[in-house]
Amino acid sequence: SKIPKEMNRLRIVQISDVHLGLIVREKRLKKIVEKIAAVGPDILVSTGDLVDGQINELKGLAELLREIKPKYGKFAITGNHEFYAGLDQATDFIKKAGFTILRGESVDIAGIINITGVDDRAGKQFGLFKGSTEKELLSGHGRDKFSLLLKHRPLVDKNTPGLFDLQLSGHTHKGQIFPFVLLTRLFYPRVGGYSELSGGSRIYVSRGTGTWGPPIRFLSPPEVTVIDLVGEEL
């Protein structure tokens, strides 16, 4: 109901946990970029770990991502691996790829949607966490516009349901290689997919677009996620 009907549709495309670096390189990134371009995003978001903790020469990779130019922009947040890789080096790459990095801040997109991005909690270990609490950030704008929360780990702050419409997360890879998903569930109750929360909030957890460690996935296929927000018919 918060999407203007005259828009018909607002398309958000999510990538997460690409892990560009030692193993994930040009060949895989080109396939990802082709998938994104094919679906025509209005907004592209990266929900953390765009780069791997072991950054190797990334020359040319930012240029591939920079080719994607959605109507309303590209937005990214930090994951734990941005801090492991060296925050300055990681954020420099993300900016060169054309993303606006949201670190404990919100942006209004054309008066249609609010996007809030928070740092991954790994930043606290390095003394680099930026921003106030999620409740304070989300309370800083009205509820008349659709509120999108970007948070790397699929954990829901108990004080925030009802303050956002949709949280997009990643991090888990949905286990990546079965049966590791069973172990992942011990730490994260939501390891993949869509869930409804209290207060009209929702969460979607990506299985991840790349791989961490070995370039193998079993019973947890990678994804480029397409989310269409459609104006409600009265």
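Computed from a predicted structure; not experimentally measured. (Residues numbered from 1 in each chain as written. Predicted model: local features only at pLDDT ≥ 70, side-chain atom pairs only at ≥ 80, totals over all residues. Heavy atoms only, no water.)

Trainee: Would you mind going over the environment of Glu105 in detail, with residue names and values included?
Mentor: Looking at the secondary structure, you find Glu105 in strand 5 (residues 105-109). Of the residues examined, Glu105 reaches a relative accessible area of 33% and is grouped as partly exposed. Each C-alpha atom, one on Glu105 and one on Ser132, is 8.6 Å from the other, the two residues being 27 residues apart in sequence. Sequence-distant contacts of Glu105, that is, excluding residues within four places in its chain, are made with Ile115, Thr116, Gly117 and Leu137. One polar contact links the side chain of Glu105 to the main-chain amide nitrogen of Arg103, over a distance of 3.1 Å. (Helix = DSSP H or I, 4+ residues; strand = E, 2+ residues; numbered from the N terminus. Buried < 20%, exposed > 50% of the residue type's maximum accessible area, 1.4 Å probe, protein only. Contact = heavy atoms within 4.5 Å. Polar contact = N/O pair within 3.5 Å; in protein donor to acceptor, adjacent residues only side chain to side chain.)

Trainee: How would you sum up unusual backbone geometry? Please name residues and give values.
Mentor: We note that Asp17 has phi near 55°; this positive angle belongs to a residue other than glycine. Mapped onto the fold, Asp17 is located in the loop between strand 1 (10-15) and helix 1 (26-39). Judged by its relative accessible area of 0%, Asp17 falls in the buried class. In this structure, His19 is a non-glycine residue whose phi angle is positive, near 60°. Examined against the element boundaries, His19 turns out to sit in the loop between strand 1 and helix 1.

Trainee: Explain helix 1 to me, using residue names and the numbers behind them.
Mentor: The terminal C-alpha atoms of helix 1 lie 20 Å apart, and with 14 residues this matches the ideal 20 Å at 1.5 Å per residue to within 8%. Taken residue by residue, helix 1 has Leu29, Ile32, Val33 and Ile36 as its buried positions. Here the buried residues of helix 1 occupy an arc of 100° about the axis, which is enough to place them on one side. Residues of helix 1 that are exposed and point over 90 degrees away from its buried face: Lys27, Glu34, Lys35 and Ala38. Residue Gly40 follows helix 1 closely and has a positive phi angle near 60°. (Expected span 1.5 Å × (residues − 1). Arc of directions from axis to C-beta.)

Trainee: Before we move on, can you summarise the sheet that holds strand 8 (residues 166-169) with the specific residues and values?
Mentor: One open sheet holds the six strands; their spatial order is 5-6-7-8-10-9, and the pairing between them is mixed. At either margin of the open sheet sits one strand with a lone partner, and together these are strand 5 and strand 9 (193-196). Strand-to-strand twist across the sheet, computed as the mean angle between neighbouring axes with direction ignored, equals 20°. Inspection of the sheet shows strand 6 (residues 113-117) paired to strand 7 (residues 146-150) by five bridges, in the parallel sense. Residue Asn114 lies in a different strand from strand 7, and its bridge partner there is Ser147. (Pairing = 2+ DSSP bridges. Axes fitted to C-alpha atoms, helices over the stretch in contact; angles between N-to-C directions.)

Trainee: Summarise the pattern of salt bridges; cite the residues concerned and give the values.
Mentor: In this structure the tally under the stated criterion is ten salt bridges. The shortest N-O distance in the salt bridge between Glu26 and Arg25 comes to 3.9 Å. With a shortest N-O distance of 3.6 Å, Glu223 and Arg207 are connected by a salt bridge. Separated by 16 residues along the polypeptide, Glu223 in the loop between strand 10 (202-205) and strand 11 (225-229) and Arg207 in the loop between strand 10 and strand 11 bring together distant segments of the chain. The class for Glu223 is buried, based on a relative accessible area of 8%. Several salt bridges share partner residues, and in doing so they unite Lys2, Arg143 and Asp165 into one network. (Salt bridge = Lys/Arg side-chain N within 4 Å of Asp/Glu carboxyl O.)

Read these as spatial facts, not as claims about activity.
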